Structure formats: C-alpha cells, structure tokens
Amino acid sequence: MASAPGPDLPGDSSEDERPKWDNKLQYLLSCVGFAVGLGNIWRFPYLCQSHGGGAFLIPYLIALAFEGIPLFHIELAIGQRLRRGSVGVWKAISPYLGGVGLGCFTASFLISLYYNTVLTWVLWYLLNSFQHPLPWSTCPLNLNQTGFVEECQGSSSVSYFWYRQTLNITADIDYSGSIQWRLLVCLAACWAVLYLCVIRGIESTGKVIYFTALFPYLVLTIFLIRGLTLPGATEGLIYLFTPNMQTLQSPRVWLDAATQIFFSLSLAFGGHIALASYNPPRNDCEKDAVTIALINSMTSLYASIAVFSVLGFKAANDYGHCLDRNILSLTNEFDFPDQSISRDEYAAVLTHLNATQPERLAGLHLESCRLQDFLDKSASGTGLAFIVFTEAILHMPGAPAWAVLFFSMLFTLGLSSMFGNIEGVITPLLDMGVLPRWVPKEILTGTVCLLCFLVATCFTLQSGNYWLEVFDKYAASLNLIIFAFFEVIGVVYVYGMERFCDDIEWMTGRRPGLYWRVTWKVISPLLLLTIFVAYIIFLVWTTLSYKAWNPQYKQFPSRQEKSYPGWVQAICGLLSFLPALLVPGVAMAQLPIWRRRKQKNVQQNMRLKLQDSKVSDSEIR
C-alpha cells in the first residue's frame, strides 16, 4: 500500500460517523446483488438469441472492456474516496456538477417505482404457485358453465391468466380502469418487505444480502441441471449460441450490446457510489470493479444456458404436439390404423402422400411444423417471465415446485437490486441532511418507502402495465447515458486525471495503467457520446407506440399496435429529458452564486489595496 497520506478532500471529515460494512463479502454481495437483476435472466438471453447467437458476444465483450468496467471503476473509486452519495460526490467535485447527482437521485427514484411493481407481479405469481394444478394451466369456464371463456380459448390459458386474471388490462392506455386490489395488496407487501430489509441501511441489508444474492445462483443451478436432462435442451442451446456473423453489420446489435452492459451493471444509478461510500478508504476498488463486472457477465451467460435449455424443451414439446395433430388429421383422412404413424415416420409419410394424393392432402390444411419456428418464439421481459417460461414450466413434471423455485428466484433477484436502487435515494437524502440528525434513519427510510408506494399505485390500475412500459422505456435510458457521460467528464477533466490517479494509488497501492487512462480519457466518453447520438436517432425514427391486449382485435391474440395519445407522448418526453435537465439547471443556478463570490472577492481585494496604500503613505510621511 502507498504510505503517503491521501489527498485532502471534503469527504474526509465524517469518517468516524459513517457506517461501515461488517466485512468485504457483504459489500461484494451487495454490489453483485444490485448489478445482477431481472435483466440478466429475461433480457440478455433474448438479445443473444435474436442478435446472432454467439456472435453477439463480440460487441458485448468489447462494450464490457471499454465502457462497462472503466465506468464501473470510476463509480466505485469516487464513492469510496469521497465517502458520500451521488449528490454529495458531484457537489464536492464541483458545484456545477451537482445536477448530475440530483439527476442520478431522480432516476433511482423513478426506477424504484416501477421495478418494485415488477416484484409485485412476481409475488402474485409466487403466491399462486402453491397449488396443484397451477391456475394458468387451464382456461376457466364461462358464466353458463357450458364451455371455456372465449378470450382464453382465443389465446391461451397462460396469456389469459397474465393479461386478464393478473393485470385485468384495458384495451387502451386512454382508459385507466380501476385499481386492482389484489395487486395493490401485493405492492404494499413488496414495499413492506423492502422497508424491513433496508430499515437500518447497510446494517440490515448486509445481513439479508447473503440470502438474496446467493439464492438465485442455487436456483439457476437447479434449473440448469434439470434443463439439460430434458428433451430438446441441446437444440435450444445450439439455437442460442450458433453464431451468425452477418448480424454484426447491423448498428442496432452494437447499440443493444452497449446499452445491455450499461444497464446490467446499473451504471449512473448512484447506487454503486452509495454502496462504495461505506467502504474503508484503503479498499482495492480496482479489483472490486473487475471482479463484480465479470461476475455479472458470467451470470448472464450462465442464466442463458439455464433459460434456453428449458425453452428448448418447450419448443420440442410444442413441435411434438404439432406433429401429433397433423398425424391425427392424416390418420382420420386416409384411414390409417391408430398409432401406425410415429413422429419419426411423419416426414416420409407426408412426402409419399404429397407425391400420390396431393389434392387430397392439400385439403387438410396441415400445420407447418418446424422446430426452428417454435424456437423462434422467444421473448424478453415480462413476456419471457410470465408467459413463455411459465408455459414451459407447465410441461415439466412437478410443475408447482418448479414455479415456486422460479418465482422465488425472480423475487430475490429483484429484491437485491432494489437494495441498491433505494440506497441511491436514501444515502443522498442523508448526506444532504433533509432531516435533523436527531430524527432516526428509520423514519426517513419509512417515509421514502411510503411515498414510493403511494406514487406506484398508478401501476396497479388496469392500464398500469402500459404505464410501466412507458417508465421502463423513457425514464431511465437516455438520462442514464447522459449522467454517465458527465460522470466521466467530471472525474477526468474537472476533478483531474492526475488527481484521480493519485487517489486510486493511495487507496489501492497501484497507479492506474495505460488501459484505464486511455479508456477514461478518450474511449469511454466517445463511446457514450456515440451511444447517445445513436439512441437519439433511434428515438426520432421510432413511432411512439405500444402494443395493446385487445380481444376485439381482428388478429387477436396478436397484440394491437397503437400510437400513444398526444398527452402520453408529452409525458414520454418529460420522462426522457426532465432528470437530465437538472444538469444544466443546477449549473445555471450556480452562476449567480459565482458572480456574487467574484464580486465579493473584488471588493475584498479593493479594500486590501486601499489599506496597503494607506499604510505605504503613512510610512513615506
């Protein structure tokens, strides 16, 4: 370790009062839990599958090396050195950068609102998993008890349970509908659980994190072992990782890889700065940044193998049922003996009939059964968690047990990510001293959780899913890219590269090498600027629309694409730019203060000059 004293910084004054992690493992698990979230399970596998399989790993690893890890290192290092939350860190570096901290604080608040709502849905499914058969396994009877509900028959039992029995969704975002009380109760339960976990900050989350961060890995391993033994698992994994290098010619693939790294590591949320601020000053933050980033990426790959082994089983199962339906049609039409055509013989029989009796065969209108088509029916986000994977579980022996495991894993994954999100809100509030020191921290934490719960009740409306998609698309993406850009610029060009390297040498005992210096100074800012421009172009060329679940739609169960009404588009624009506008807003607010200070300094200098001239005149006399 470097023996020289650390640079004199404003964050050193309250060292003894600030809480500390009980041990290094607590901190690492907290960062891993914050970084590894639902996106590792339901977004990365989808991106990898839809963007060229193994070829997607090329832009992903490039983005990890030149964007993810360098930015992550900056956040951990600056939080650890200045010992403050996001607002305090950037105000300490420069008052003009205070808007970056406020923006991160606002983004974390907005993300917490809808992220915990996803946990509400997960909790609802988890509670419904403790029964046999699972409630989404069959369609319910209609009111006359003479058949199944028409909407369910027209879609599927899994889709019906999600859209109608869980969300009770409206057909248009213009119609808000009523509050769904079962979701409101689950939302209250989720915020209550979160409050109990974060009630004393890292003192309480540090205890819970051992379970919430490690349990998902246990469940993933169980799913992986079981998935690899299922028929169709090999086909699913081959489909996932077969490289298609031509996809690398698409700019969208590179943009998705860069943004996936960005959001997967939870960069610019402010949570990692807050978590690192509780570290001892001499902690090796460089090693932590590389370790956590690699764990996060390896988890994404690990989850992809587990998820697609199960989805391969689902595709093989659906493919087999498709063949069975066609075989039944052939058996009835051509009077074949029952069970005389096996699945393996189906292709040969079909070829023979097509050659001998083509007109009669064409009249059957047989389904097109290709395994590739069923493998193509993957999804991301809630579509993967609550429809595709949930349907796959139905085909597994002991389905309720697998459903309990799956939704328990999602809940703990989301909960550990929420620890970091809410820490990104509470730590800045504590640093700003919004409440007197004699007020217990539990009061502030409870007030924040209660406020978040009250605001998030809008997501329990029948149109709540549409609004959650609005927040997910527009509240974070553009804002976080802007904040990350200003973070790099603030540290490298305002705080100073040499000063920052001095700090890291003092903390770790090693001076940052060429890789860190080049990425911080040139590559990372340019990458972020490129992502920002590409994202703006993408937004300009994309119609602001959403997909509605409408049983009256002619192509139902396909979702109907609708344009957002004008007032919703205004909200989208507000969410996209309002947090980012805090950066120039705070900087402009500092200008009058700077002018007053400058005027005061000029006046003081004038007084000193006058005093000096009087003294010199008296000496001459």
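Residues numbered from 1 in each chain as written. Predicted model: local features only at pLDDT ≥ 70, side-chain atom pairs only at ≥ 80, totals over all residues. Heavy atoms only, no water.

- For the protein chain, an unreviewed UniProt entry supplies the name Transporter and the organism Myotis brandtii.
- As recorded by UniProt, the Sequence similarities (unreviewed entry) comment attached to the protein chain reads in full: "Belongs to the sodium:neurotransmitter symporter (SNF) (TC 2.A.22) family."
- According to the UniProt record, the Subcellular location (unreviewed entry) comment for the protein chain reads "Membrane". (UniProt positions renumbered as here; feature names shortened; annotations may be inferred.)

Overview of the overall build of the protein chain
Here comes step 1: When its secondary structure is counted, the protein chain shows 24 helices and two strands.
Here comes step 2: Along the longest, intermediate and shortest principal axes, the C-alpha atoms of the protein chain span 130 × 50 × 45 Å.
Here comes step 3: Here the protein chain, with 621 residues, has 53% of them falling under the buried criterion.
Here comes step 4: Counting contacts in the protein chain only where the partners sit at least 6 residues apart, residues at least 24 apart contribute 81% of the total. (Helix = DSSP H or I, 4+ residues; strand = E, 2+ residues; numbered from the N terminus. Buried < 20%, exposed > 50% of the residue type's maximum accessible area, 1.4 Å probe, protein only. Contact = heavy atoms within 4.5 Å.)

Some points on the packing of aromatic side chains
Here comes step 1: Within this structure, the stated rule accounts for 38 aromatic pairs.
Here comes step 2: Taking the centre distance of 4.8 Å and the plane angle of 70° together, the rings of W549 and F556 count as edge-to-face. Each member of the pair, W549 as well as F556, carries the same accessibility label: buried.
Here comes step 3: The positively charged end of R182 is found above the aromatic ring belonging to W124, 5.7 Å away from the centroid. (Phe/Tyr/Trp six-rings, centres within 6.5 Å; stacked < 30°, edge-to-face > 60°. Lys NZ or Arg CZ within 6 Å of the ring centre and 35° of its normal.)

What to know about the packing of helix α6 (residues 98-128) against helix α22 (residues 477-508)
Between two packed helices, both the angle of their axes relative to each other and the distance between the axes serve to describe the pair.
Here comes step 1: Interaxial distance between α6 and α22 falls to 10 Å at its minimum, and their mutual angle equals 150°. As far as their axial angle goes, α22 and α6 are roughly antiparallel. Of the two elements, α6 crosses α22, and the hand of that crossing is left-handed. The residues of α22 that touch α6, namely those facing V100, G103, C104, A107 and I111, are L480, F483, F486 and E487.
Here comes step 2: Residues that form the contact of α6 with α22 fall into these classes: seven nonpolar, one polar and one charged. (Axes fitted to C-alpha atoms, helices over the stretch in contact; angles between N-to-C directions. Parallel < 35°, antiparallel > 145°, perpendicular 65-115°, else oblique. Left-handed = near helix turned anticlockwise from the far one by under 90°. Nonpolar A, V, L, I, M, F, W, Y, C, P; charged D, E, K, R; others polar.)

Some details on the side chain of Q26
Here comes step 1: Within the fold, Q26 resides in helix α1 (residues 24-35).
Here comes step 2: Its relative accessible area of 2% is what places Q26 among the buried residues.
Here comes step 3: Excluding anything up to four places from it in sequence, Q26 contacts W21, G206, K207, I209 and Y210.

So, the state of the cysteines
Here comes step 1: A full pass over the atoms with the stated rule returns two disulfides.
Here comes step 2: The disulfide partner of C139 is C152, and the gap between their sulfur atoms is 1.9 Å. On the S-S bond that ties C139 to C152, the torsion sits near -80°, and the link is left-handed. Here C152 lies in helix α7 (residues 150-154) and C139 lies in the loop between α6 and α7, a separation of 13 residues in the sequence.
Here comes step 3: Accessibility expressed as a relative area gives 17% for C139, which makes it buried.
Here comes step 4: Sequence-ordered numbering of the disulfide-bonded cysteines in the protein chain gives the connectivity 1-2, 3-4.
Here comes step 5: Summary of cysteine pairing: C186 is not part of a disulfide, and the nearest cysteine sulfur, belonging to C190, is at 6.7 Å.
Here comes step 6: Judged by relative accessible area, C186 falls into the buried class, the value being 5%. (Disulfide = S-S within 2.5 Å.)

A short note on empty space enclosed by the protein
Here comes step 1: Under the counting rule described, the total for this entry stands at five cavities of 30 Å³ or more.
Here comes step 2: Empty space within the second largest cavity amounts to approximately 50 Å³.
Here comes step 3: Surrounding the second largest cavity, W21, S30, I202, T205, L275, F419, G420 and E423 form its lining.
Here comes step 4: Elements with a contribution of two residues or more to the lining of the second largest cavity: α10 (202-228) and α19 (399-432).
Here comes step 5: It is α19 that provides the largest number of residues to the lining of the second largest cavity, a total of three residues.
Here comes step 6: Of the residues that constitute the lining of the second largest cavity, the class distribution is four nonpolar, three polar and one charged. (1 Å grid on protein atoms, 1.4 Å probe; cavity = no way out; pocket = protein on both sides within 12 Å on 5 of 7 lines; lining within 4 Å. Points joined across faces, edges and corners; volume = space filled by probe spheres on them.)

Considering the packing of helix α14 (residues 285-334) against helix α18 (residues 382-394)
Here comes step 1: Viewed as axis vectors pointing N to C, α14 and α18 meet at an angle of 60°, and their least axial separation amounts to 8 Å. One way to sum up the angle between α14 and α18 is to call them oblique. Handedness of the α14/α18 crossing: left-handed. In this structure, α14 contributes V307, V310, L311, F313 and K314 to the contact, and α18 contributes L384, V388, F389, E391 and A392.
Here comes step 2: When grouped by side-chain class, the residues that make up the contact of α14 with α18 number eight nonpolar, no polar and two charged.

Overview of a nonpolar patch on the surface
Here comes step 1: Together, L514, V518, V522, L526, L529, V533, I537, V540 and W541 give the surface a local cluster of nonpolar side chains, amounting to about 940 Å² of exposed area.
Here comes step 2: Mapping W541 onto the fold places it in helix α23 (residues 514-541).
Here comes step 3: Overall, the relative accessible area of 74% leaves W541 in the exposed class. (Patch = residues over 30% accessible without salt bridge, like charges linked within 9 Å, V, L, I, M, F, W, Y side chains within 5 Å. Areas by Shrake-Rupley, 256 points an atom, 1.4 Å probe, with all protein chains shown as cover. Salt bridge = Lys/Arg side-chain N within 4 Å of Asp/Glu carboxyl O.)

A look at helix α15 (residues 346-356)
Here comes step 1: All of the buried residues along α15 are Y346, V349 and L353. Along the axis of α15, the buried positions cluster into a sector of 65°, meaning they face one direction only. Opposite its buried face, α15 presents the exposed residues A348, T351 and A355, each directed more than 90 degrees away.
Here comes step 2: On its buried side, α15 packs onto α14 and α16 (358-362). (Arc of directions from axis to C-beta.)

Some thoughts on the nonpolar core
Here comes step 1: If you look at the biggest cluster of nonpolar residues, it comprises 191 residues, and the most contacted ones within it are W191 and F407.
Here comes step 2: For this core, the element with the most residues is α6, which contributes 18 residues.
Here comes step 3: Setting aside anything within four residues of it in sequence, one finds W191 in contact with S112, N116, M418, I422, C449, C452, F453 and A456. (Core = buried A, V, L, I, M, F, W, Y, C linked by side-chain atoms within 4.5 Å.)

So, the UniProt feature "binding site: Na(+)" (unreviewed entry) in the protein chain
Here comes step 1: Per the UniProt entry, the sites bearing "binding site: Na(+)" (unreviewed entry) are G33, A35, V36, N40, S264, N296, L413 and S417 in this numbering. Taken along the chain, the residues just named run across 385 residues; in space they keep tight, none of their C-alpha pairs more than 12.6 Å apart.
Here comes step 2: Position of V36 relative to the elements: it lies in the loop between α1 and α2 (38-42).
Here comes step 3: The exposure class of V36 is buried, given its relative accessible area of 4%.
Here comes step 4: If near-sequence neighbours (up to four positions away) are discounted, V36 is found in contact with Y217, S264, N296, T299, L413, S416 and S417.
Here comes step 5: As for its position among the elements, N40 is in helix α2.
Here comes step 6: Those residues in contact with N40 that sit more than four places away from it in its chain are A35, P45, S264, N296, S300 and A303.

A short note on the environment of T519
Here comes step 1: Position of T519 relative to the elements: it lies in helix α23.
Here comes step 2: Considering only alpha carbons, one finds T519 and I69, 450 residues apart in sequence, at a separation of 9.6 Å.
Here comes step 3: Apart from the residues within four sequence positions on either side, T519 is in contact with F66, P70, S524 and P525.
Here comes step 4: A distance of 2.8 Å separates the side chain of T519 from the backbone oxygen of Y515, its partner in a polar contact. (Polar contact = N/O pair within 3.5 Å; in protein donor to acceptor, adjacent residues only side chain to side chain.)

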